[in-house]
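# An overview of the molecular structure
Given next are the chains, with one letter for each unit.
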Amino acid sequence: LKESMTLRYAAIDAEGKLSDEAQLDERVCECCQTSTALTSNGVIAAYRDRSPTEVRDISVIRSAANATWSSPQTVHSDNWQITACPVNGPAIVAEGSRVAIAWFTEGGGAPHVNIAFSNDGGATFGNKIQVDDGNTVGRVDALLLPDGSALVCWLAGTVESGEIKVRRIQPNGAIGPIATIAKTDISRSSGFPRMARLRDEVIFAWTEFGKPSHVRIATADVSNYK
């Protein structure tokens, strides 16, 4: 296949020396960001794959012993066929052998944000769980919480008005209420909202597009999301 974007890996030591360089996938989506996490079994990378027929579903690939890698594995067969990059990659997080991956898809004709959980370091994933409630733009991020649940944030709205939303999801499929973090714009210039956790506090950061643009942050206690 001509002019294909590849997914590659290299380890970099403290002195900037490269090692263990490898090509992981010979054909992937051109602009969707890649997300990585460190499990108890090694590195796991999530990305939007690209088939010869332009199906662009989410795949993961895992490191193994002796600097070898598993074969790419499709997380869920959404069968989203699109002839251009949607610039909407996945978010993967891990603690020990627990892994959660959130992603955006328009497979089936409707835009959705989904999440799936794994208890074996990403070797297998459970059924997908729909996170959003409509008007979804995607641009997801995810956090794992100590009780095994996950927080997922995403962008939703229309060209007139957008919102950054967040929801807590349990591995058994139970979902909490949706909370709105901020009103925002859904243009490309608004970027991707991000989350981080410091003990029981969640920190949100996003770009407020305008002239000039600003980076905004907000904090909330994890207990706010049931």
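Higher on the page you've got the structure.
### Some thoughts on the sheet that holds strand β10 (residues 129-130)
Within a sheet, adjacent strands bond to each other through the backbone by hydrogen bonds, running parallel or antiparallel. Read from one edge of the open sheet, four strands run β7-β8-β9-β10, paired in antiparallel fashion. Since the sheet does not close on itself, it has two edges, and those belong to β7 (91-95) and β10, each with one partner. Bridge count between β7 and strand β8 (residues 98-105): five bridges; the pairing is antiparallel. Looking at the pairing, A94 lines up with V99 of β8.

### Observations concerning the sheet that holds strand β17 (residues 214-221)
Across the sheet, which stays open at both edges, the three strands sit in the order β15-β16-β17 with antiparallel pairing between neighbours. Single-partner strands in this sheet number two, and they are β15 (194-198) and β17. Within the sheet, the average angular offset between the axes of one strand and its neighbour, ignoring direction, is 20°. Two elements, β15 and strand β16 (residues 201-208), share five bridges in a ladder whose sense is antiparallel. Counted as the bridge partner of R197 is V202 from β16.

Scoring rules and cut-offs
- Residues numbered from 1 in each chain as written.
- Predicted model: local features only at pLDDT ≥ 70, side-chain atom pairs only at ≥ 80, totals over all residues.
- Heavy atoms only, no water.
- Pairing = 2+ DSSP bridges.
- Helix = DSSP H or I, 4+ residues; strand = E, 2+ residues; numbered from the N terminus.
- Axes fitted to C-alpha atoms, helices over the stretch in contact; angles between N-to-C directions.

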